[in-house]
Amino acid sequence: MKVGLDHKVLVKYPFLKESQDLVRGHTESLDRFLSGNPGKSAVSRAKDRVENALSSKKQFDESDPGRLPPELEIASYAIARILISCTKERALIERFAQYEAERMFFYLQMEEPRIKRYVAQSAGTDPDASEVPVVKYIELAAQMRDDRWRLVNRDIVHGYVKVEAGEHDELLRECIRALIRQDLPLRVPAAICESLTPVTEQILTRFQERILEQFGEIDEGSFPPCIHALITAITAGTNLPHTGRFAITAFLHIIGMDTTTIVEIYSRAPDFDIEKTMYQVEHITGRGGTEYVPPSCATMRTYGLCTNRNKLCDTVSHPLTYYKIRKKRGKTPGESVTPPSH
Ligand code: SF4
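Predicted, not measured: the structure shown is a model, and the values here were computed from it.

Novice: Break down the packing of aromatic side chains for me, citing the residues and quoting the values.
Specialist: Here the structure, examined in full by the defined rule, presents 6 aromatic pairs. Residues Phe106 and Tyr107 carry aromatic rings whose centres are separated by 5.2 Å and whose planes lie at 70° to one another, so their mutual orientation is edge-to-face. Ring geometry for Phe223 versus Tyr323: centroids 5.7 Å apart, planes at 55°, classification tilted. Here Phe223, found in the loop between helix H11 (197-215) and helix H12 (225-235), pairs with Tyr323, found in helix H17 (residues 319-329); they are 100 residues apart in sequence, far enough to count as distant. For the pair formed by Phe223 and Tyr323, the shared burial category is buried. Counting every residue linked through ring pairs, the aromatic cluster contains Phe223, Phe251 and Tyr323. Just above the ring of Phe105 sits the side chain of Arg173; from NZ or CZ to the centre is 4.8 Å.

Novice: I'd like to hear about the sheet that holds strand S2 (residues 156-157), residue by residue, with values.
Specialist: Reading across the sheet, the 3 strands line up as S1-S3-S2 and stay open at both edges, with antiparallel pairing between neighbours. The sheet terminates laterally at strand S1 (131-133) and S2, the two strands that pair on one side only. With 2 bridges connecting them, S2 and strand S3 (residues 160-162) associate as antiparallel partners. Looking across to S3, one finds that Ile156 is bridged to Val161. Together, S1 and S3 form the strand contacts of helix H8 (residues 134-141), whose direction differs from that of S1 by roughly 95°.

Novice: Describe a nonpolar patch on the surface, listing the residues and the values that go with them.
Specialist: A cluster of nonpolar residues, Ile138, Leu151 and Ile156, forms a patch on the protein surface that exposes about 230 Å² of accessible area. Residue Ile156 is classed as partly exposed on the basis of its relative accessible area of 41%.

Rules behind the numbers
Residues numbered from 1 in each chain as written. Predicted model: local features only at pLDDT ≥ 70, side-chain atom pairs only at ≥ 80, totals over all residues. Heavy atoms only, no water. Phe/Tyr/Trp six-rings, centres within 6.5 Å; stacked < 30°, edge-to-face > 60°. Helix = DSSP H or I, 4+ residues; strand = E, 2+ residues; numbered from the N terminus. Buried < 20%, exposed > 50% of the residue type's maximum accessible area, 1.4 Å probe, protein only. Lys NZ or Arg CZ within 6 Å of the ring centre and 35° of its normal. Pairing = 2+ DSSP bridges. Contact = heavy atoms within 4.5 Å. Axes fitted to C-alpha atoms, helices over the stretch in contact; angles between N-to-C directions. Patch = residues over 30% accessible without salt bridge, like charges linked within 9 Å, V, L, I, M, F, W, Y side chains within 5 Å. Areas by Shrake-Rupley, 256 points an atom, 1.4 Å probe, with all protein chains shown as cover. Salt bridge = Lys/Arg side-chain N within 4 Å of Asp/Glu carboxyl O.

Okay, here's the thing in structure tokens:
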């Protein structure tokens, strides 16, 4: 069905084909566009978009989905994708996709039903469906942390997963996030990334500051028991499964540890191989295209990596939450934590 969408609607959902067509009609080659004044305005707005994604306060303005003319506002979304791709920082890509999905979802809540339906269908979901094909469901639920989304907790009939009416919005937001995340990082020509270096460097500085604000200085004494157990296993020379290497590397990366320091942890192993370790760590932290998100407690349990649980573990569903709480409140008497082995 053809749905007429005016420019005010298009700026809110820049992933739509109609939005991209609008930009295509107004821009020349990318490098020429970026060097002109309209391009510079779009880059500046793109930088704001990425920095907003890093902010802890996500505030969306109902009356102001964009300050620039529609074609530049939409171009700023595309340029933001280019900027984060040039940084090659996986965590930044994930935050951007999450932020943009939340923003678009915020606007969708206020749309008339025909527009909401059209945007949902363009994102690949039916907002009224009572079931989702199992393959699609697995793809979407993979990023949803609540246990109720796990396939083992769902009703499956003839290859379809039953979905409650109250769950449609969560699935729609996840569909939009997955669509935004798709194809990132883009393969951006080196010359374009180079011309954007002053902006990407500012973004990366902000990103590092944000990690520091969020997790503070790294405190190994506040690591959850599962992560301590993995470090102990490395030190003892135990050959960790991929899931274990992934869990510890992704955890350390997200709390702000740089690649060299992560590799130093692996160097505690008696059979340490620097080249192999560098390759694996860089792959997991984003340079090779693997997801970066550390596993939740539920996934850690599935992997058999949830060990030495303590009282605090009963109150969290993610090792990162454990770390944040422990750092904030310090060690509680009676709560034993395996000390770091090194
Ligand atoms: S409950 Fe979570 S934080 Fe605690 S040991 Fe298990 S996986 Fe780690």
